[in-house]
Amino acid sequence: MHSDRDSETTFDEDSQPNDEVMPYSDDETEDELESPLPAVEPEQNRINREAEESREPVKKDCSWQVKANDRNFHEQPQFKKTTFLCFKKSKYAGNAIKTYKYNAITFLPLNLLEQFKRVANFYFLVLLILQTIPQITTLSWYTTLVPLLLVLGITAIKDLVDDIARHRMDNEINNRTCDVIRDGRFKTAKWKDIQVGDVIRLEKNAFVPADILLLSSSEPNSLCYVETAELDGETNLKFKMSLEVTDRYLQEENAMAEFDGFIECEEPNNRLDKFTGTLFWRSRTYPLDADKILLRGCKIRNTDFCHGVVIFAGGDTKIMKNSGKTRFKRTKIDSLMNYMVYTIFVVLILLSAGLAIGHTYWEQQIGNTSWYLYDGEDYSPPYRGFLNFWGYIIVLNTMVPISLYVSVEVIRLGQSYFINWDLQMYYPEKDTPAKARTTTLNEQLGQIHYIFSDKTGTLTQNIMAFKKCCINGQTYGKYIRTQEQPNWQVDFSWNMYADGKLAFCDHYLIEQIRCGKETEVRQFFFLLAICHTVMVDASDGQLNYQAASPDEGALVTAARNFGFAFLSRTQNTITISEMGIERTYDVLAILDFNSDRKRMSVIVREPDGNIKLYCKGADTVIYERLHPMNPQRQITQEALDIFANETLRTLCLCYKDISHGEYEAWNKKFMEASVAASNRDEALDNVYEEIEKNLILLGATAIEDKLQDGVPETISKLAKADIKIWVLTGDKKETAENIGFSCELLTDETTICYGEDISALLQTRLENQNNKAESNINSSQRTNEPFFQSGRNRALIITGSWLNEILLEKKKKKKKLLKLKFPKTAEEKEKQIQSKRRADANKEQQQRNFVDLACECSAVICCRVTPKQKAMVVELVKKYKKAITLAIGDGANDVNMIKTAHIGVGISGQEGMQAVMSSDYSFGQFRYLQRLLLVHGRWSYIRMCKFLRYFFYKNFAFTLVHFWYSFFNGYSAQTAYEDWFITLYNVLYSSLPVLLVGLLDQDVSDKLSLRFPGLYISGQQDLLFNYKKFFVSLIHGIITSLIIFFIPYGAYLQTMGQDGEAPSDYQSFAVTAASSLIVAVNFQMGLDTSYWTFVNAFSIFGSIALYFGIMFDLHSAGIHVLFPSSFQFTGTAPNALRQPYLWLTILLSVAICLLPVVALRFLSMTIWPSESDKVSRKIWLFELQGTGRALGGQLGWGVLSRGQSGDKKRGGVGS
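My aim in this report is to walk through the structure given alongside it, one point at a time. Because the structure is a prediction, the values reported are computed rather than measured.

Assigned secondary structure in the protein chain consists of 42 helices and 35 strands. Relative to its full complement of 1215 residues, the protein chain shows a buried share of 53%. Taking the contacts inside the protein chain whose residues are at least 6 apart along the sequence as the reference set, 74% of them involve residues at least 24 apart. For the protein chain, the exposed area adds up to about 55,200 Å²; of that, 56% sits on carbon and sulfur atoms.

For the rest of this paragraph, the subject is the sheet that holds strand β4 (residues 177-182). In spatial order, the strands read β5-β4-β6-β15-β7-β13; together these six strands make up an open sheet with antiparallel pairing. The open sheet has two edge strands with one neighbour each: β5 (185-190) and β13 (293-294). Of the strand pairs in this sheet, β4 and β5 are connected by six bridges, and their pairing is antiparallel. Residue pairing for β5: R182 is matched across the bridge by R185.

As a further point, take the packing of aromatic side chains. Within the structure shown, the criterion is met by 72 aromatic pairs. Ring centres 6.1 Å apart and planes at 90 degrees place the aromatic pair F923 and Y928 in the edge-to-face group. Summarising the burial analysis for this pair, F923 and Y928 share the class buried. Taking the centre distance of 5.4 Å and the plane angle of 80 degrees together, the rings of F1045 and F1069 count as edge-to-face. Separated by 24 residues along the polypeptide, F1045 in helix α35 (residues 1027-1052) and F1069 in helix α36 (residues 1066-1088) bring together distant segments of the chain. Of the residues examined, F1069 reaches a relative accessible area of 7% and is grouped as buried. An aromatic cluster is defined as three or more aromatic residues linked by ring pairs; in this entry it consists of F963, W964, Y965, F967, F968, Y971, F1045, F1046, Y1049, Y1052, Y1066 and F1069. Positioned over the ring face of F186 is R201, at 4.4 Å from the centre of the ring. Across the ring face of Y249, the terminal group of R282 is positioned such that the distance to the ring centre comes to 4.6 Å.

Right, let's talk about a negative patch on the surface for a bit. Taken together, E429, D709, E713 and E744 make up a surface patch of like negative charges. For E713, the position within the fold is in helix α20 (residues 711-720). Its relative accessible area of 48% is what places E713 among the partly exposed residues.

We now examine the sheet that holds strand β29 (residues 724-728). Pairing between sheet strands relies on hydrogen bonds along the backbone, with the strands arranged either parallel or antiparallel. Taking strand neighbours across the sheet as the criterion, the nine strands line up as β16-β35-β34-β33-β17-β29-β32-β31-β30 in an open arrangement whose pairing is mixed. Strands with a single pairing partner mark the edges of an open sheet, and in this sheet they are β16 (435-436) and β30 (751-754). Both strand β31 (residues 794-799) and strand β32 (residues 859-863) contribute to a ladder of five bridges, which runs parallel. Residue pairing in the sheet places I797 in a bridge with I861 of β32. Sheet strands in contact with helix α26 (residues 826-855) are β17 (450-453), β29, β31 and β32, and its direction is about 135 degrees off that of β31.

Grouped together as the largest cluster of nonpolar side chains are 100 residues, with contacts concentrated most on L404, F947, L948, F952, Y977, F981 and L1077. Those residues in contact with L404 that lie beyond four places of it in its chain are M337, V341, F947, L948, F951 and F952. Of all hydrophobic cores here, the second largest spans 54 residues; its members include A68, F73, L295 and I311.

When glycine is set aside, most residues are seen to have a negative phi, and most peptide bonds are trans. The phi angle at S283 is positive, at roughly 65 degrees, despite the residue not being glycine. Counting through the fold element by element, S283 comes out in the loop between β11 (277-281) and β12 (284-288). Residue S283 is classed as exposed on the basis of its relative accessible area, which comes to 82%. Positioned with a positive phi, E744 is a non-glycine residue whose angle comes to about 65 degrees. Here E744 is to be found in the loop between α21 (733-742) and β30. Since its relative accessible area comes to 45%, E744 is described here as partly exposed.

The next point concerns the environment of T438. Checked against the element boundaries, T438 lands in the loop between β16 and β17. The spacing of T438 and S416 is 22 residues in sequence and 7.7 Å in space, taken between C-alpha atoms. When residues no more than four places from it in sequence are discounted, the contact partners of T438 are S416, D920 and Y921. Within the structure, T438 has its side chain in polar contact with the side chain of T440 (distance 3.1 Å).

This brings us to the packing of helix α10 (residues 332-365) against helix α30 (residues 928-966). One can describe the packing of α10 onto α30 by two numbers: an axis separation of 13 Å at closest approach and a directional angle of 5 degrees. Taken together, the axes of α10 and α30 are roughly parallel relative to one another. Counted together, I333, M337, M340, I344, L351 and L355 of α10 and Y941, M944, C945, L948, F952, F956, L960, F963 and S966 of α30 form the full contact between these two elements. Residues of the contact of α10 with α30, tallied by class, amount to 14 nonpolar, one polar and no charged.

Before going further, it helps to spend a moment on the packing of helix α31 (residues 979-989) against helix α37 (residues 1094-1114). Closest axis-to-axis distance for the α31/α37 pair is 11 Å, and the angle between their directions is 150 degrees. Considering their axes alone, α31 and α37 lie roughly antiparallel with respect to each other. The two elements α31 and α37 cross, and the hand of that crossing is right-handed. Only S1103, L1106, Y1107, I1110 and L1114 of α37 make contact with α31, whose side of the interface consists of W980, F981, L984, L988 and Y989. Looking at the contact of α31 with α37 residue by residue, the classes come out as nine nonpolar, one polar and no charged.

How each quantity is defined
Residues numbered from 1 in each chain as written. Predicted model: local features only at pLDDT ≥ 70, side-chain atom pairs only at ≥ 80, totals over all residues. Heavy atoms only, no water. Helix = DSSP H or I, 4+ residues; strand = E, 2+ residues; numbered from the N terminus. Buried < 20%, exposed > 50% of the residue type's maximum accessible area, 1.4 Å probe, protein only. Contact = heavy atoms within 4.5 Å. Areas by Shrake-Rupley, 256 points an atom, 1.4 Å probe, with all protein chains shown as cover. Pairing = 2+ DSSP bridges. Phe/Tyr/Trp six-rings, centres within 6.5 Å; stacked < 30°, edge-to-face > 60°. Lys NZ or Arg CZ within 6 Å of the ring centre and 35° of its normal. Patch = residues over 30% accessible without salt bridge, like charges linked within 9 Å, V, L, I, M, F, W, Y side chains within 5 Å. Salt bridge = Lys/Arg side-chain N within 4 Å of Asp/Glu carboxyl O. Lys, Arg positive; Asp, Glu negative; His and termini not counted. Charge placed at Lys NZ, Arg CZ, Asp CG, Glu CD. Axes fitted to C-alpha atoms, helices over the stretch in contact; angles between N-to-C directions. Core = buried A, V, L, I, M, F, W, Y, C linked by side-chain atoms within 4.5 Å. Polar contact = N/O pair within 3.5 Å; in protein donor to acceptor, adjacent residues only side chain to side chain. Parallel < 35°, antiparallel > 145°, perpendicular 65-115°, else oblique. Nonpolar A, V, L, I, M, F, W, Y, C, P; charged D, E, K, R; others polar. Left-handed = near helix turned anticlockwise from the far one by under 90°.

Next comes the structure, spelled out in structure tokens:
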């Protein structure tokens, strides 16, 4: 478990993300451990600190108080809080939960309120209100109401369905039952009636109703097994262990009823892995930690029953504190789309203002002098112009697309399902399909610039195998392929506890263990068997180990195979079989592993009474704590370097003899720190530090973690797509570098730069920039100069400690530690402020320089980095490069990085599901990343861009016809179309084809997308949708609207129909313009379609047919009789469209709209082809040549076979 990965093996504080604060560095890093601060603080610092403490009382970390079996205690006045005005209620939440948002009364008002918070919806509500004012509107109210109701209705139905499901879930959970102490007996109660302080009993397979302190269980040694799938997605069992004293005395019902323990602990928070508290009972204090807490949502397994006291209930539980606090991620296209909608708003206002001014002028010149235009209102021309401004806001409102956001969500939802259904991203070994856990980021997958990847479990399999070790300076184990040399494999049949799965290739080590001459060899494996947190399940005579990480499981299993089998453990003992002899040791203390300590220790009392400390951890921290007289120090370091070069994961093992007096003195401090009311973790770390020194080095382990299948090929393809990959790992530099070569991130042609090599380069650049800044010279030219000469492939390899030092993170912490607190004059304060500003400016500039330098490299490997540093690196690239980032990992230590990046990808690996639960996308293997990005990401980006370009185009083409018409109607806000056509245009007549293109279109197939990764670059460079493309759509829409208006206008100017009647009335013109528009925009969508299916063709021709069908119905006499005021175009369509002249006009309008587009497309594909055009042409030529060769061959069997394949290819092209 405790390898030199920073914390890749534990779900600790550093791996728990904080959504509010992004940490930038850890409290302690490798180089700080190498040069620790003096143990004795300066005298003046001590005086200042004591004075400060005397002024300000120390705030207790544990302010949450719980009294068992005493509900009245929690109703005391000091525990009340004001909720509204003078109303107060207890700060202790009830256990009923409420995740729903609405009830039967509040649904309609609250849902509408939420929806009208969106600018577009509120805008159309204002328009609807304006349309009820007769003096303003020339457009019927239903033209806005119908689309608005459709959008609001779809969203409301979706919200209602979701909320009904939440209601059902809440009721089901709140009405679950469990046994609670009432009146001295266990009685069945509903979950919603449980309160803080209640003592409850849970049985096997029951869910835990609240966060409870485990008091006792039916299992020996006070163990309780739980499944945490609802918390972190993990299905493997975890164990909890109560205090020995409560397990001994609290087994019977009457003892439970009399239990009156008092608990002081931390306030409710969202940290699943941490808990600090103290139990006061029977005049003694007992420390409490997370191992003694059962969290709500866990399920009791393999335990008949257990008892506990409720600490946090309902909304105060940790699972509820974690709900809903995730970062909201938006895509680049989302932001761009919003800005474009704002641009359309501005254009709309400017057009309306211009037309209102035109109407004012027209009224002054013509309207006032034309008696037949008098409407009975004596308004002045400026006032009429003001009214017409609002009239045109209404008429031109369709420039702002009301259905845009709903359509975008539908497309994203469909693309997410395509990812979920992709069988080529399904991992059969673990039955793990790909999963899009969000529906809002799909197109951003096609724009990734940087990938930040964890190493262990992400690039590698995270299935550990013990391969080598160094004991007392002697290296054991041959690093060979056992499949090729089966005779080299050691036979463990002599060991009754061997599992038969370990493949080790050194018979000499077995001889050393069995003969027992080298005591260090046996002590080495004894340490592996005793220094761990593994639990064992002995069933059917087999030992099944439950390890928190693959590292720890591999080491304990190795010790088992070499004759030192871990058999069982209790609260205070551990039993081991040493070469067939069982011995039980008293465990006096376990010094936990975390990412700052990077080590774990256990203090045990041997049967003969001697006390020893056994420790294992990363070499960097172990070597700092070794006794000066360690003879094997150098030779072990050489072995560590060899192991790292072979990409093996290393760990150092050491021990120490402790006298009884030394232990007693240390244990007193340990017990005090265990129940400290504040800064308990810090106090414990300081106590651990006192005992973990002057250690004797035993040796080192080396375990293998193989690369996953397809990793080199995936990295190669992503590199060809101009995606830069950074590997962030806690491993040693040598290990990470060799993995880099294995996965082809580094090659023989790569020039490797190390952190130490570029420190001077960065420092010189910073000094030059500061000098130029002080001289008031613009330093931008210098800043933009590259750090390296172009033309060489470079990679950067750095460590976490170097990163903290070069980015000036560590200095800030040391200054804080040594800060003197004297009263300061105003001059000193100003000087301090200026100094801080300079330091901040230097820090920001140094960070920018580092990012610029690193981004000039084709690959970056960061070793020995903590979870916080991983997130920091991602944040720096986001901040200074404005590039789209993706982070991928498999463990809890990757959660912070995954949440920081624009897109987070989780791999369902060996380290649980925390990364998957926090991710936006998940799958089973790293190799699926290429398909996610190069296929689904690129297709999603192309589809969304094409959808948006066409959507804006069709709305401009539709709306601006009103603008041209206004020049011929006195700028009177008269519409150019029938009201019902305006109502249904975006809803029925032009919506389906563009939706299907947004869902199904593809320029090249998935195989070609993977074969030609260079196609991906267009998304990185935002080539398919930007402001330029937006204005091209705007101009295209303007030209189309000009044609749609002026061709029918010119055709109708002096026209006579076949029956001698002039068809040039307003209603016939409106029908002709509308028909031309529908045919033109739907055929335009056909030109934009790259991937034709029956569904696409049906949607285009079906939309046109639907338009004509509905139009004839709406223009019928029957509907006019029923609703005479709403349907005024009676008989227009049948009368107008029976004239061939009108059909010719429609045909001419459509032809003039589309033929120039066809010509331009042909020229662009011929002269300026895109990458996808080039690929399509290559494939087409290849298939054409293959067909020609097949048909032009000579007679014979070969000819027939080639002819058949040619026919198949030809059939494929034509199909």
